[in-house]
Every structure is written in C-alpha cells, then in structure tokens.
Amino acid sequence: VAFDVLSARPLRLTATLADYDRTGQRLTVRSPRPLRGGGAIVYGPGGAVIARVAGTVVDERTLVLTWDAQGREVVKVDVEATDTWGQRGGLFLSPWWYAIPHEDVVFASGSAEVAATEAPKLERSWEEIRRVLDLYGPVVEIRLFVAGYTDTVGDAASNQALSERRARALAAWFRQRGFQGPVAYQGFGESVLAVPTGDGVDEAANRRAVYLLAAEVPPVSVDVPRA
C-alpha cells in the first residue's frame with residue numbers, strides 16, 4: 001500500500017490595521033503559503049452582519065476583501081481562508097476605536113494624584129465608557145488605552161516620567177471603578193502640545209489625557225505619535 005503524507009503547520013493568516021483601508025472598505029490578508037480562496041463576514045454594532053463577501057486571491061499568498069457597508073460602522077471583520085492543500089485558517093480584525101469625550105482632570109503642578117474634587121469628571125467619562133461597552137462589547141473584547149501629556153514646565157525627561165505617572169493614575173482609577181477589560185497606559189510628556197508654547201510655560205490645556213476604547217492597538221496618530 002502506498003500513500004502520501006502531508007505534514008504542515010496550521011495556516012496562520014495575518015493582517016493589521018495598516019492593511020485596512022477604512023475609506024475604500026478593503027482589507028488585505030496575507031498567508032505563509034499559497035491560497036485557494038477565502039471570504040469574510042463583516043459585523044457592525046451589536047453584532048449585526050453588514051456583509052458576507054468572497055475574497056480575491058492575489059499573487060497566491062494575498063487575499064483581498066472588499067465590501068459595501070452602506071454607511072454603517074464596521075466593528076469586526078471575521079476572515080476564513082483555505083490553502084491549496086485544503087487546510088483552513090482564520091483571523092478577525094477590529095478596525096474600530098473610539099475616543100471618549102471628556103473634561104480633563106486637573107493635576108496639581110508636578111503631581112500625579114487624582115484629587116477627590118476631580119472625580120466627578122472621571123465619573124462622567126465612566127458613564128460614556130459603559131455606554132460604549134454595552135454597544136460594542138458583545139462583538140469584540142474592548143481594551144482601554146490612556147495617553148497622558150504635560151505642559152513645558154520642567155525638562156523633557158521629567159515631564160515624560162510625569163506623564164507616565166498621570167496616565168497610570170487615570171488607568172488605575174478606571175480599573176478600580178470597574179473596567180474589566182485589558183487596560184494600557186502611555187505617557188507622551190511635552191511632545192504633543194495641544195496649545196503650542198515655548199519652554200517653561202504653565203499651560204493647563206497641555207496637561208491633559210486621551211482615553212481610547214479599541215479592540216486592537218490604536219494606530220499611530222497626532223495624539224499617539226508612537227506605539
């Protein structure tokens with residue numbers, strides 16, 4: 001008796017937010033070996049199915065998916081593909097993130113402590129976070145990202161460290177308040193000024209934070225200049 005034996009690693013598809021064209025409603029997925037075909041289900045808020053689409057295989061190892069969301073918000077794209085050996089692989093990408101509108105907490109100069117008088121501002125932000133969790137939580141695992149910033153009083157190194165401590169203090173507040181998903185924080189010091197100033201200027205508008213809810217790590221932007 002003679003027979004062929006195939007030994008292969010699982011088919012692991014890859015895609016990042018950089019592969020997603022939000023305007024063109026197009027996602028490019030890559031495979032480590034030649035593909036036979038594939039498709040995707042596109043979901044909106046609440047888990048509603050926006051589209052079911054078949055992809056186009058380009059240069060054997062690239063699957064291109066396009067759809068028409070008809071103005072609806074895309075929350076998750078669930079992809080499945082089959083290689084030329086008949087093995088299946090899948091992935092999902094969530095090209096969604098949401099910046100929480102909020103009133104900035106005022107920190108004392110050089111301090112990272114959240115004063116009790118500032119708590120009502122965070123409570124209002126928490127209500128908005130809960131609203132978003134109720135709407136998008138059934139579709140994707142939502143993570144909270146907190147970015148902190150300072151004004152130009154003090155040197156750049158100390159301001160970087162201070163912004164880290166402030167971002168951490170805010171992240172800890174939301175965790176203690178009840179946010180159960182993953183929480184990440186990052187400080188950007190005086191590198192992203194909301195109001196351009198010279199060095200050593202006490203500008204309250206620059207002592208701020210940004211709260212982002214997302215399922216994937218948010219892309220680099222004006223407010224988040226590095227990963």
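All of the points below concern the structure found in this document.

Conventions used here
Residues numbered from 1 in each chain as written. Predicted model: local features only at pLDDT ≥ 70, side-chain atom pairs only at ≥ 80, totals over all residues. Heavy atoms only, no water. Pairing = 2+ DSSP bridges. Helix = DSSP H or I, 4+ residues; strand = E, 2+ residues; numbered from the N terminus. Axes fitted to C-alpha atoms, helices over the stretch in contact; angles between N-to-C directions. Contact = heavy atoms within 4.5 Å. Phe/Tyr/Trp six-rings, centres within 6.5 Å; stacked < 30°, edge-to-face > 60°. Lys NZ or Arg CZ within 6 Å of the ring centre and 35° of its normal.

Another aspect to go through is the sheet that holds strand E5 (residues 56-58). The antiparallel open sheet is built from 4 strands, whose spatial order is E1-E2-E6-E5. Two strands bound the open sheet, and with one partner strand each, they are strand E1 (20-21) and E5. Sheet analysis places E5 next to strand E6 (residues 62-66), joined by 3 bridges and oriented antiparallel. Bridge assignment links threonine 56 to a residue of E6, and that residue is valine 64.

This part covers the sheet that holds strand E12 (residues 209-214). Taken together, 4 strands build an open sheet; the order of strands is E9-E12-E10-E11 and the sheet is mixed. Among the strands making up the open sheet, the edge pair consists of strand E9 (97-99) and strand E11 (183-187). For this sheet, the mean inter-axis angle between neighbouring strands, taken without regard to orientation, is 20°. Sheet topology places E9 next to E12; 3 bridges connect them, and they run antiparallel. Bridging from a neighbouring strand, alanine 99 pairs with leucine 212 of E12. Packing of helix H1 (residues 119-136) onto the sheet brings it into contact with E9, strand E10 (143-148) and E12, and relative to E12 it is tilted by some 15°. The strands touched by helix H2 (residues 156-177) are E10, E11 and E12; relative to E11, the strand with the most contacts, the crossing angle is about 160°.

With that out of the way, let us pick up the packing of aromatic side chains. Two numbers describe a pair of aromatic rings. These are the distance of the centres and the angle of the planes. Counted by the stated rule, this structure contains 5 aromatic pairs. Residues phenylalanine 174 and tyrosine 211 carry aromatic rings whose centres are separated by 5.2 Å and whose planes lie at 75° to one another, so their mutual orientation is edge-to-face. With phenylalanine 174 in helix H2 and tyrosine 211 in strand E12, the pair connects residues that are 37 residues apart, well separated along the chain. Among the aromatic residues, ring-to-ring pairing joins Trp173, Phe174 and Tyr211 into one connected group. Directly above the aromatic system of tyrosine 43 lies the positively charged group of lysine 76, at a separation of 5.1 Å from the ring centroid. Residue placement shows arginine 208 over the ring face of tyrosine 149; its charged tip is 4.1 Å from the ring centre.

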